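An overview of the molecular structure
Letter by letter, the chains look like this.
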Amino acid sequence: MDIELPDGIVAVESPLPGLRIDTPTAKGTICFNGGQVLSWQPAGHEPVLWSSVHSRFAPGSPIRGGIPLVWPYFGNGAEATRTPQHGFARTSQWSLRDATVTPGGTATITLCLNTSSVPTETRGGLPDDVELMLQVVMDATLQVQLIVQAGASEITFEEGLHTYFAVGDITKTSITGLDQSAYEDRLDGRCHTQHGAVTFTAQTDRIHDSAEPVCIVDETAGRTIQVTKVGSAQTVVWNPWIEKSQAMTDFGDDEWRQMVCVEAVNVRDRTVRLAAGKRHLMSQTIEVI
Ligand code: TA6
């Protein structure tokens, strides 16, 4: 690694090459496979991100947990024809651009991915001169910024920070901040309006049309996690519940109870159109309040 790492950040090789952050303000791990934040634990709190104990850690495979990156399309794309699911960013090898730690213990890590490093057939028509940067600022809060720099041509893309949060019991967890938002229920394909907090009694997979902050209110753990966003017009809420958990090989049959995905996204009618040479930023900031 040709970047000199500061005190508080060390290179690791297991479970995959990446970085371990350990400062007075927070601990965490980031994996170069997928440019994925795997864990974050602010000082004085329990871990905030969730990962499956069944997750596969193999180069080129998605990792079940932390903050997978969704880019350049969501799911299998608007036409439901594209693979791999959620795009190639989360299965590509990202490079370390910079790593710093302030005297106060704030760690800032910047990773990058150039589409020139992605096989033509995987790029799906995207040009080879697009640069993605992921900036992770880790201390008492976790800020994750996905920055897309267009090259010589206009590009369109969907994007998401597919964040897995650890909760004590999903049946005693609610999500506030989405009241009155319109949402697409991906299970019945219809549009609805949210009334009050989102609660969980079955598989839940929704795209809320909302740029607003949300709170994950975890009654069992007695904590609230706030997620604020910049440059994200929608929030996806997902819990696989029982049957879908049993159908996923990298997800424990009973793990559905201890997690919820709340995702800052721009997808479908909020697809991003970026002019040649321009830059787009989407970020989320997570805090235990
Ligand atoms: O963001 C919700 C979702 O699209 C769900 O439909 C489910 O497929 C989830 O993503 C996980 O996708 P993955 O490809 O990581 O298994």
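Attention in this report is confined to the structure presented alongside it. (Residues numbered from 1 in each chain as written. Predicted model: local features only at pLDDT ≥ 70, side-chain atom pairs only at ≥ 80, totals over all residues. Heavy atoms only, no water.)

It is worth spelling out the sheet that holds strand β22 (residues 279–288) at this point. Two strands in a sheet stick together by hydrogen bonds in their backbones, pointing the same way (parallel) or opposite ways (antiparallel). Read across the sheet, eight strands follow the order β6-β7-β8-β9-β22-β18-β17-β13 without closing on themselves; strand pairing throughout is antiparallel. Two strands lie at the open edges of the sheet, namely β6 (95–101) and β13 (173–176), each paired on one side alone. Within this sheet the neighbouring strands show an average axis-to-axis angle of 15°, counted without direction. For strand β8 (residues 131–138) and strand β9 (residues 141–149), the ladder comprises eight bridges, and the chain directions are antiparallel. By the bridge assignment for β9, Val137 is matched with Gln143. (Pairing = 2+ DSSP bridges. Helix = DSSP H or I, 4+ residues; strand = E, 2+ residues; numbered from the N terminus. Axes fitted to C-alpha atoms, helices over the stretch in contact; angles between N-to-C directions.)

Below, the discussion takes up the pairing of β8. Counting buried residues in β8 gives seven out of eight residues, a clear majority hidden from the surface. From the end of β8 to the start of β9, which pair antiparallel, there are two residues. (Buried < 20%, exposed > 50% of the residue type's maximum accessible area, 1.4 Å probe, protein only.)

Before going further, it helps to spend a moment on unusual backbone geometry. Note: most residues except glycine have negative phi, and most peptide bonds are trans. Residues Ser14 and Pro15 are joined by a peptide bond in cis, for which omega reads 5°. Cis geometry marks the peptide bond from Thr83 to Pro84; its omega dihedral reads -5°. Topologically, Pro84 is positioned in the loop between β5 (69–70) and β6. Phi at Ala80 takes a positive value of approximately 60°, unusual for a residue other than glycine. Relative to the helices and strands, Ala80 is located in the loop between β5 and β6. In this model, Arg268 sits at a positive phi of 55°, which is unusual for a non-glycine residue. As for its placement among the helices and strands, Arg268 is situated in the loop between β20 (259–266) and β21 (272–274).

Moving on, we come to the site of the ligand. Around the ligand, the surrounding shell holds 13 residues, and the nearest of these are Arg64, Arg90, Arg186, Asp205 and Glu263. Note that an oxygen atom of the ligand is positioned 3.0 Å from one of the side-chain N or O atoms of Arg64. One of the side-chain N or O atoms of Glu263 is found 2.9 Å from an oxygen atom in the ligand. Contact with the protein chains hides 90% of the accessible area of the ligand, taken as 390 Å² for the molecule alone. Each residue belonging to the shell around the ligand can be placed in one class, and the counts come to four nonpolar, three polar and six charged. (Near = heavy atom within 4 Å. Polar contact = N/O pair within 3.5 Å; in protein donor to acceptor, adjacent residues only side chain to side chain. Areas by Shrake-Rupley, 256 points an atom, 1.4 Å probe, with all protein chains shown as cover. Nonpolar A, V, L, I, M, F, W, Y, C, P; charged D, E, K, R; others polar.)

Let us look at the sheet that holds strand β4 (residues 36–42). Taken together, four strands build an open sheet; the order of strands is β1-β2-β3-β4 and the sheet is antiparallel. Of all the strands in the sheet, the pair left with one neighbour each is β1 (9–12) and β4. When strand polarity is set aside, the average angle formed by the axes of neighbouring strands in this sheet is 15°. Here strand β3 (residues 26–31) pairs with β4 via six bridges, running antiparallel. Bridge pairing links Lys27 to Gln41 in β4.

Moving on: the nonpolar core. Generally speaking, nonpolar side chains in soluble globular proteins are found buried as a group. Residues Trp71, Ile109, Leu142, Phe165 and Ile175 are the most contacted members of the largest nonpolar core, which totals 66 residues. The residues touching Phe165, leaving out its near neighbours within four places in the chain, are Val48, Leu49, Trp50, Ile216, Ile225, Val227, Gln258, Met259, Val260, Val262 and Ile286. With six residues, the next largest nonpolar core counts Val70, Ile207, Val236 and Val267 among its residues. (Core = buried A, V, L, I, M, F, W, Y, C linked by side-chain atoms within 4.5 Å. Contact = heavy atoms within 4.5 Å.)

Turning our eyes to something else, we now look at the pattern of salt bridges. One pass over the full model with this rule turns up 10 salt bridges. The residue Asp188 makes a salt bridge to Arg190 at a minimum N-O spacing of 3.8 Å. On the basis of relative accessibility, which here comes to 34%, the residue Asp188 falls in the partly exposed class. Put simply, Asp169, Lys172 and Arg257 are held in one network by salt bridges that share partners. (Salt bridge = Lys/Arg side-chain N within 4 Å of Asp/Glu carboxyl O.)

Let's shift gears to the pairing of β22. As defined by bridge partners, β9 adjoins β22 across nine bridges and the pair is classed as antiparallel. Across the sheet, Gln143 pairs through a bridge with Thr285, a residue of β22. Inspection of the sheet shows strand β18 (residues 223–230) paired to β22 by six bridges, in the antiparallel sense. Its bridge partner being in β22, Val227 is matched across the sheet by Ile286.

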